[in-house]
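Structural features, examined
Okay, here's what each chain looks like letter by letter:
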Amino acid sequence: MHLSTSKVELYAAIRRDHRAGLSMRAPERKYGATWRTIRRALDSNWPEPRKKQAPRPTRLAQTKAQAERADVS
């Protein structure tokens, strides 16, 4: 599989290969996916949505906070 392939397409290809009679390990080698990904693809039609990560503070914000604390003293 190409890197530009979406996860939905990957899941569909894994399910198609499994219905064709391939073992669980064959898609691992063919698509470079882990066994957990193969299991999730066989258990569900759609991949889980991506998790939203909380924004990280910038280094500048950390430095500003330290400077403000130094100014108060």
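Preceding block: the structure.
So, a few notes on the structure that sits alongside this text. (Residues numbered from 1 in each chain as written. Predicted model: local features only at pLDDT ≥ 70, side-chain atom pairs only at ≥ 80, totals over all residues. Heavy atoms only, no water.)

1. Here's the deal with the nonpolar core
- Formed by Leu-10, Tyr-11, Ala-13, Ile-14, Tyr-31, Ala-33, Ile-38 and Ala-41, the largest nonpolar core amounts to eight residues.
- Taken together, the elements giving at least two residues each to this core come down to helix 1 (7-19) and helix 3 (35-43).
- The leading source of residues in this core is helix 1, at four residues. (Core = buried A, V, L, I, M, F, W, Y, C linked by side-chain atoms within 4.5 Å. Buried < 20%, exposed > 50% of the residue type's maximum accessible area, 1.4 Å probe, protein only. Helix = DSSP H or I, 4+ residues; strand = E, 2+ residues; numbered from the N terminus.)

2. Here's the deal with helix 1
- With 13 residues, helix 1 extends 18 Å from end C-alpha to end C-alpha; this agrees with the ideal 18 Å at 1.5 Å per step.
- Residues Leu-10, Tyr-11, Ala-13, Ile-14, Arg-15 and Asp-17 constitute the buried set of helix 1.
- Trailing helix 1 by a residue or two, Gly-21 shows a phi angle of about 110 degrees, which is positive. (Expected span 1.5 Å × (residues − 1).)

3. Some points on the packing of helix 1 against helix 3
- Closest axis-to-axis distance for the helix 1/helix 3 pair is 9 Å, and the angle between their directions is 80 degrees. Our classification of the angle between helix 1 and helix 3 gives roughly perpendicular. Every residue of helix 3 that contacts helix 1 at Leu-10, Tyr-11, Ile-14, Arg-15 and His-18 is listed here: Thr-37, Ile-38, Arg-40, Ala-41 and Leu-42.
- Within the contact of helix 1 with helix 3, the residues separate by chemical class into six nonpolar, two polar and two charged. (Axes fitted to C-alpha atoms, helices over the stretch in contact; angles between N-to-C directions. Parallel < 35°, antiparallel > 145°, perpendicular 65-115°, else oblique. Contact = heavy atoms within 4.5 Å. Nonpolar A, V, L, I, M, F, W, Y, C, P; charged D, E, K, R; others polar.)

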